[in-house]
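# Coordinate inspection notes
In case you want the letters, here they are:
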Amino acid sequence: MTRPNILLITSDQHRGDCYGFEGRAVRTPHLDLLAAQGTRFASCITPNVVCMPARSSMLTGLLPLTHGTADNGIDLDESVGEGGFAGTLAAAGYATAFIGKAHFSSNHSAQPTGRCENIPSSHHFDDGWLGHYMGFEHVELMQLGHNYWLPQRPPGGLHYERWYHRDGLGDLKDDLYRQRQPPEVSAAQTHHSALPTAWHNSTWVGDRGIEYLRAQARARRAGPAASARPFCAWLSFADPHHPFDAPSPWCWMHRPQDVDLPPHRTRDLDRRPWWHRAALENVPQGGTAEHRRVRAEYSRIGPQSDTQLRELIANYYGMISLVDHNVGRVLTALHDEGLADDTLVVFTSDHGDWLGDHGLVLKGPMFYEGLLRVGLIVRGPGTPAGKVVRDPVSTIDLAATFGDYAGVPMPAAAHSRSLRPLIEHDSAQRDHAFSEWRLGVQRCGVALDLRAVRTRDAKLTLELGSGAGELYDLRDDPHECVNRFDDPAHRGLRNELMQRLMSRPDDVRTNLAAPVGPA
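The text that follows walks through the structure, step by step, so that each part is easy to find. (Residues numbered from 1 in each chain as written. Predicted model: local features only at pLDDT ≥ 70, side-chain atom pairs only at ≥ 80, totals over all residues. Heavy atoms only, no water.)

## As for the sheet that holds strand S11 (residues 393-394)
Consider a sheet: its strands pair through backbone hydrogen bonds, and that pairing is either parallel or antiparallel. The test is simple: Two strands are said to pair when DSSP picks up at least two bridges between them. Helix and strand assignments come from DSSP, with helices taken as H or I runs of at least 4 residues and strands as E runs of at least 2, each series counted from the N terminus.
Strand order in the open sheet made by the 3 strands is S8-S3-S11, with mixed pairing throughout. Looking along the sheet, the strands with just one partner apiece sit at the ends: strand S8 (373-374) and S11. Judged from the 2 bridges that link them, strand S3 (residues 44-45) and S8 form a sheet pairing that is antiparallel. Counterpart to Cys44 in the pairing with S8 is Val374.

## Things to note about the pairing of strand S12 (residues 433-439)
The two faces of the sheet receive side chains in turn, since in a regular strand these alternate between them. The criterion, for reference: Burial classes: relative accessible area under 20% of the type maximum marks a residue as buried, over 50% as exposed, and values in between as partly exposed (1.4 Å probe, protein chains only).
Burial runs high along S12: 6 of the 7 residues are buried. Judged from the 7 bridges that link them, S12 and strand S13 (residues 448-454) form a sheet pairing that is antiparallel. Looking across to S13, one finds that Trp437 is bridged to Leu450.

## A short note on the packing of helix H8 (residues 201-222) against helix H11 (residues 306-336)
The test is simple: Interaxial angles span 0 to 180 degrees and are taken between N-to-C directions of axes, which are lines fitted to C-alpha atoms, for helices over the stretch in contact. Oblique is the label for every angle not falling under 35 degrees (roughly parallel), over 145 degrees (roughly antiparallel), or within 65 to 115 degrees (roughly perpendicular). Contacts are residue-level and defined by heavy atoms, with any inter-residue pair within 4.5 Å sufficient.
Two elements in contact, H8 and H11, have axes separated by 9 Å at closest approach and are oriented at 10°. Between H8 and H11, the interaxial angle falls into the category roughly parallel. Between H8, through Ser202, Thr203, Gly206, Asp207, Ile210 and Leu213, and H11, the contact on the second element is made entirely by Leu322, Val323, Asn326, Arg329, Val330, Ala333 and Leu334.

## Section: the packing of helix H1 (residues 29-37) against H11
Rules: Charged residues are taken to be Asp, Glu, Lys and Arg, nonpolar residues to be Ala, Val, Leu, Ile, Met, Phe, Trp, Tyr, Cys and Pro, and polar residues to be all remaining types, Gly included.
Where H1 contacts H11, the two axes come as close as 7 Å, and the packing angle between them is 55°. Our classification of the angle between H1 and H11 gives oblique. Facing H1, whose interface residues are Pro29, His30, Leu31 and Leu34, H11 presents Asp324, His325, Val327, Gly328 and Leu331. Considering only residue class, the contact of H1 with H11 consists of 5 nonpolar, 3 polar and 1 charged.

Take a look at the structure:
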């Protein structure tokens, strides 16, 4: 069997229910078609609810406390990253590429780290630098992609930022981004941007991804088919991560009055474990004054009215629809270049967003489903069309899955299990998936060691330091309104999930690095 190409496409902070096929009022026609043509996983969770640990786990096939990037701001060990699926496939003859937002290394730090993604260090990487990075032979990166910080000016920045400024119109683009188009909104971190879509980073990722596919097709046409290297490319969109700033016309695609609000959208902290209130009310500690300001201003959003929440969600949906549009462009190019039949296509995200659930927005140490669950779609040779797998899986399983389809062992991806049996055989089963997050006082003012396990119908989260926890029966309580952790009637379920939680492999690093910055 010919080794397939692998095309991994990811979004950022994209909830698992924010797809048209999930029933929410968001327009995702291309992702809906991809799901109809392939197999989707309805209970896929992230191994960590913030960017850097989640992305590092996708790459390495390891849980965060084992690969070492246990929180944002901790750089992934480059030797560990090189042992991930990209480096392993490259060693086996694959052409490997990364285009978009990587975030395996810290963007912000008090001192330069020397990494390409690090803002104080990026000027050391000239315009001709295209990798090697974390096992990817070819890279075209954006440094941030979230316009709370506008694209860095040369000689800083990376490929997207330098392209953005190369035509001398960077000041004009910045001014257009800052313009608040009507109608005016009052939701936090939300506005209708006047930046033309042609200059938006979602369009850039789509453009560069299409050019990469065309280059691969040209190489195949230029030489004997037997000599062509299969490719493994990761296209990484930076949206719908906050700020919620979709450009026109995407910002107007979903009317606020038409979006669906969460059924439970009030904070009821008295009914939750102690760390919920502590994480929301304590002040981040440590780091520089600027880092603390960013955590307070950018990484937290206070309670929003229903009107504000509708405005925010409408713009979040617009950002998703723009990503979907570019996914459609990429998949069209894959077909037009004659590559579709030989390519395994996977779409997923690093983590979700509370998006108003329980009165919360963004992300933090409360593992509600909107944050923990992500979409996962697989289409390619041998994948059934329209199949839905409801067993609990994780994005950590991608490394082993890619190795399985490529016929390449992934020995370093010790926690990753191939999804191929679940895709191809109805008899295959999966019992549970893990998530974990160890965070210090610099994150939200309180140190926490959180471990979670999710089955098909239930979820338990334990704070190891205090022994406090939360348990939700997702079958009877899908909106997670009643914590059953201390309920005698659910002691059997709690004991079962505790046993599953403690089955995590005993390979936690004892020398975890401290964060060098906020993210």
